[in-house]
Amino acid sequence: MSKDLERNRETAVEFYDLMFNQCRPKEAVERYVGDVYIQHNPHVADGKEAFVEYFMRMAGEYPGKRVHFKRVIAEGQYVVLHCHQEWPGDRDWAGIDICRLDDSGKIVEHWDVLQVVTEKSSNANTMF
């Protein structure tokens, strides 16, 4: 794996861990986000401030929330995280997060797709 791909992979994981598991989204943005932050999740407004506000609210509403990285795939300027999200008092989620990083290795764009982890499955495979 090239140095840029490894750097991008580490940046995405460290960013997500700091903002989600450690509940420090402001610090995560300061460390790992570029000049702009384009958001594609329809529940979160565009920009760095909106991101921080959303995840500060989530930290208050769901203390103890955790994300577990199941797969991390880096290709070009993109990193894909396949995650198991635990939201205490709510349902668990399987998530795919896609981050685009700039040439400096900073996150500048984000997409995600989430699916509830069900209790019953039509097959013997897990979601992870």
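Scroll up to find the structure.
Residue indices begin from 1 for each chain and proceed along its sequence in written order. Under the rules for a predicted model, residues below a pLDDT of 70 receive no local features and side-chain atom pairs below 80 are neither given nor counted, while totals for whole chains, interfaces and linings still include all residues. To obtain the side-chain values, all non-hydrogen atoms of the structure were used and water was disregarded.

1. Focus on the overall build of the chain
Our working definition: What counts as a helix is a DSSP run of H or I of at least four residues, what counts as a strand is a run of E of at least two, and both are numbered from the N terminus. Here the radius of gyration uses the C-alpha set of atoms, whereas the globule reference equals 2.2 Å times the residue count to the power 0.38. Residues count as neighbours in contact if any of their non-hydrogen atoms are within 4.5 Å of one another. We count Lys and Arg on the positive side and Asp and Glu on the negative side, and we leave His and both chain ends out. In plain terms, the charge of a residue is placed at NZ if it is Lys, CZ if Arg, CG if Asp and CD if Glu.
For the chain, the helix and strand inventory stands at 3 helices and 5 strands. Going from N to C terminus, the chain has its helices and strands arranged as α-α-β-α-β-β-β-β. Whereas a compact globule of 128 residues would reach a radius of gyration of roughly 14 Å, the chain reaches 15 Å, a difference of no more than 12%. Each principal axis of the C-alpha atoms in the chain carries an extent, and together these give about 45 × 35 × 25 Å. Put simply, 45% of the contacts in the chain that link residues at least 6 apart link residues at least 24 apart. Across the chain, 16 positive and 22 negative side-chain charges occur, with their mean positions spaced 4 Å apart.

2. Section: unusual backbone geometry
Using the following cut-off: Exposure is judged per residue with a 1.4 Å probe applied to protein chains only, and the accessible area is read against the type maximum: over 50% gives exposed, under 20% gives buried, and values in between give partly exposed.
Phi is positive for Cys23, close to 55°, though the residue is something other than glycine. With respect to the secondary-structure elements, Cys23 resides in the loop between α1 (3-21) and α2 (25-32). The exposure class of Cys23 is partly exposed, given its relative accessible area of 26%.

3. A word on the environment of Ala74
By the element assignment, Ala74 lies in strand β2 (residues 66-75). Sequence separation of Ala74 and Pro25 is 49 residues, and the distance between their C-alpha atoms is 22 Å. Among all residues touching Ala74, those that are not within four sequence positions of it are Leu5, Arg9 and Val79.

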